[in-house]
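What follows is the residue order along each chain.
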Amino acid sequence: MQELPAKSTLYFCENLIDYAGLFPPASLTLAQAFSNYINYKNSHDYTWMLSKFICPARMLNELKKIIDDSFPLEKNIEISLLGRGGKDFNEFSSNLINDIGLWENFISLSGDSVNTGVFEIKLPDELISGHNAKDISDCLDFISDTIEKNIEQPVFIFLEGNADTQWKKNISSIVNGIQIHNLKKNNTGFKLRTGGTEADSFPSPELIAFSIRECLDREMKMKFTAGLHHPFRHYDKEIKTMMHGFINVFGAGIIAMRHNISNSGIGGMLTDENPGNFIFTDESFSWKDWVIRTEDIKFARTNLVVSYGSCS
């Protein structure tokens, strides 16, 4: 009989991974990726770590056919939809309306076997570069209102933007825009890209620490995407860069949620390559001298660091 992980490990990793098998480096077909997701979902070995299946809204018609042909009896399918976005607001708004039309049709044909209660979308670059939180809030109001008019179920939105060289200004304007919107409808969090297939797509530890602090100070949920393929920070010989570890990133958020740790302290945790400094027991999770009780892990995972997208 397989030994169960420590309680703190279970709480730390519960529903941690949004499966993104469609995306690099896996780059599977939709049929392959969704089949993997169903196998993981129904496996005692993996299901406790698994959250949602990430699917572009433009592929919903194809997904419906795959479900009907191969998984007609499958229930409790959780999907996070990915909007197309756009290079400017005109393209963005047109794509959003088209995506929601596909989404509405998918729901009408799927009944209650599928839940599509999360929507992820990237803001147009021109909106981010303006660094105007009110403009971003207005765009988010438009997204939220358009969804609400067409999709009857509650939907939580994750908003992504480019970091680039002005990452502090970009991130602050996005989270400030989300905060303005959330005062009216508390239905949006911040999505941060933590890697990719090229070395320059991996953000610095300082950027991740800053993002965690910005969301924490605004009581805002956040999720991560890409690059978190391993538990701990390490050097990847193929990409030729340091890759972030998901235990480093989520551990930093969990500890920051309950302790008055500085941004440099968060950064220290993000850059720690020694697994021996991360201790999981039934009673607590700890990094060096920072200790978090098991029940507080669940609180932080629900209210701050929610999940990350991974193709593996």
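Please refer to the structure higher up on the page.
Since we're looking at a predicted model, the values are computed, not measured. (Residues numbered from 1 in each chain as written. Predicted model: local features only at pLDDT ≥ 70, side-chain atom pairs only at ≥ 80, totals over all residues. Heavy atoms only, no water.)

## Focus on the pairing of strand 4 (residues 114–122)
With seven of nine residues buried, strand 4 lies mostly within the body of the structure. Pairing of strand 3 (residues 77–82) with strand 4, which is carried by five bridges, proceeds in the parallel orientation. The residue of strand 4 that forms the bridge with Leu81 is Phe119. Crossover handedness for the path strand 3 to helix 4 (residues 89–110) to strand 4: right-handed. (Buried < 20%, exposed > 50% of the residue type's maximum accessible area, 1.4 Å probe, protein only. Helix = DSSP H or I, 4+ residues; strand = E, 2+ residues; numbered from the N terminus. Pairing = 2+ DSSP bridges. Right-handed = clockwise from strand over helix to strand, strands pointing away.)

## As for the packing of aromatic side chains
Within this structure, the stated rule accounts for 18 aromatic pairs. Pairing Tyr37 with Phe53 gives two aromatic rings, centres 5.5 Å apart and planes at 50 degrees, and the pair type is tilted. In this pair, Tyr37 is assigned in helix 2 (residues 30–41) and Phe53 in strand 2 (residues 50–56), connecting sequence segments 16 residues apart. You'll find Tyr37 and Phe53 in the same group, each marked buried. A cation over a ring is seen here: Arg258 above Phe299, with NZ or CZ 4.6 Å from the ring centre. In this structure, Lys298 is placed above the aromatic ring of Tyr11, and the distance from its NZ or CZ to the ring centre is 5.0 Å. (Phe/Tyr/Trp six-rings, centres within 6.5 Å; stacked < 30°, edge-to-face > 60°. Lys NZ or Arg CZ within 6 Å of the ring centre and 35° of its normal.)

## Some thoughts on the packing of helix 3 (residues 60–70) against helix 4
Helix 4 packs onto helix 3 with a crossing angle of 15 degrees between their chain directions and a minimal axis gap of 9 Å. The angle between helix 3 and helix 4 falls in the class roughly parallel. Where helix 3 crosses over helix 4, the two elements pack in a sense that is right-handed. Residue-level inspection shows Leu60, Asn61, Leu63, Lys64 and Ile67 of helix 3 in contact with helix 4, the latter providing Leu102, Trp103, Asn105, Phe106, Leu109 and Ser110. The class makeup of the residues in the contact of helix 3 with helix 4 is seven nonpolar, three polar and one charged. (Axes fitted to C-alpha atoms, helices over the stretch in contact; angles between N-to-C directions. Parallel < 35°, antiparallel > 145°, perpendicular 65-115°, else oblique. Left-handed = near helix turned anticlockwise from the far one by under 90°. Contact = heavy atoms within 4.5 Å. Nonpolar A, V, L, I, M, F, W, Y, C, P; charged D, E, K, R; others polar.)

## Description of the sheet that holds strand 11 (residues 284–287)
Either a parallel or an antiparallel arrangement is found when strands of a sheet pair, and the pairing is made through backbone hydrogen bonds. Taken in spatial order, the three strands make up an open sheet running 10-11-12, and their pairing is antiparallel. At either margin of the open sheet sits one strand with a lone partner, and together these are strand 10 (278–280) and strand 12 (290–293). Averaged over all neighbouring strand pairs, the angle between strand axes comes to 15 degrees, with direction disregarded. Sheet topology note: the strand 10/strand 11 ladder contains three bridges and is antiparallel. In the sheet register, Ile279 faces strand 11, and the bridge partner there is Ser286. Contacting strand 10, strand 11 and strand 12, helix 9 (residues 246–258) runs over the sheet at an angle of about 80 degrees to strand 12.

## Some points on unusual backbone geometry
Here the residue pair Pro24 and Pro25 is connected by a cis peptide bond, since its omega of 5 degrees sits within 30 degrees of zero. Note that Pro25 resides in the loop between strand 1 (17–19) and helix 2. The phi dihedral of Asn15 falls on the positive side, at around 50 degrees, and the residue is not glycine. One non-glycine residue with positive phi stands out, namely Glu219, at about 50 degrees. One can find Glu219 in the loop between helix 8 (205–217) and strand 7 (222–225).

## Description of helix 10 (residues 263–270)
Owing to its 3.6 residues per turn, the α-helix brings residues three or four apart onto one side. Within the span of helix 10, buried status applies to Gly265, Ile266, Gly267, Met269 and Leu270. Taken together, the buried residues of helix 10 touch helix 8, helix 9, strand 10 and strand 11.

## Digging into the nonpolar core
The biggest cluster of nonpolar side chains holds 86 residues, and the ones touching the most others in it are Phe34, Ile143, Phe190 and Phe250. Of the residues forming this core, the biggest block, nine residues, is contributed by helix 9. Contacts of Phe190, omitting those with residues within four sequence positions, involve Phe158, Leu159, Ile171, Ile174, Val175, Ile178, Ser211, Cys215, Met220, Lys221, Met222 and Lys223. (Core = buried A, V, L, I, M, F, W, Y, C linked by side-chain atoms within 4.5 Å.)

## Describing the pattern of salt bridges
Per the counting criterion, the structure on display carries 19 salt bridges. Of the charged contacts in the structure, one is a salt bridge between Glu91 and Lys87, with a shortest N-O distance of 3.1 Å. Residue class for Glu91 comes out partly exposed when judged on its relative accessible area of 30%. Residue Lys87 is classed as exposed on the basis of its relative accessible area of 58%. Across the pair Asp296 and Arg293 runs a salt bridge, and its minimum N-O distance is 3.4 Å. Connected through salt bridges with shared partners, the residues Asp18, Glu120, Glu160, Lys191, Arg193 and Lys223 form a single ionic network. (Salt bridge = Lys/Arg side-chain N within 4 Å of Asp/Glu carboxyl O.)

## Describing the sheet that holds strand 4
Spatial strand order, 1-2-3-4-5-6-7-13: eight strands in a closed barrel with parallel pairing. Averaged over all neighbouring strand pairs, the angle between strand axes comes to 30 degrees, with direction disregarded. In this structure, strand 5 (residues 156–160) lies alongside strand 6 (residues 188–193), joined through four bridges in parallel fashion. Following the sheet pairing, Ile157 is matched in strand 6 by Thr188. Where helix 4 meets the sheet, it contacts strand 3 and strand 4, and its direction lies at approximately 170 degrees from that of strand 4. Strands in contact with helix 7 (residues 167–182) are strand 5 and strand 6; relative to strand 6, the strand with the most contacts, it is inclined by about 160 degrees.

Nothing here speaks to function; it is geometry throughout.
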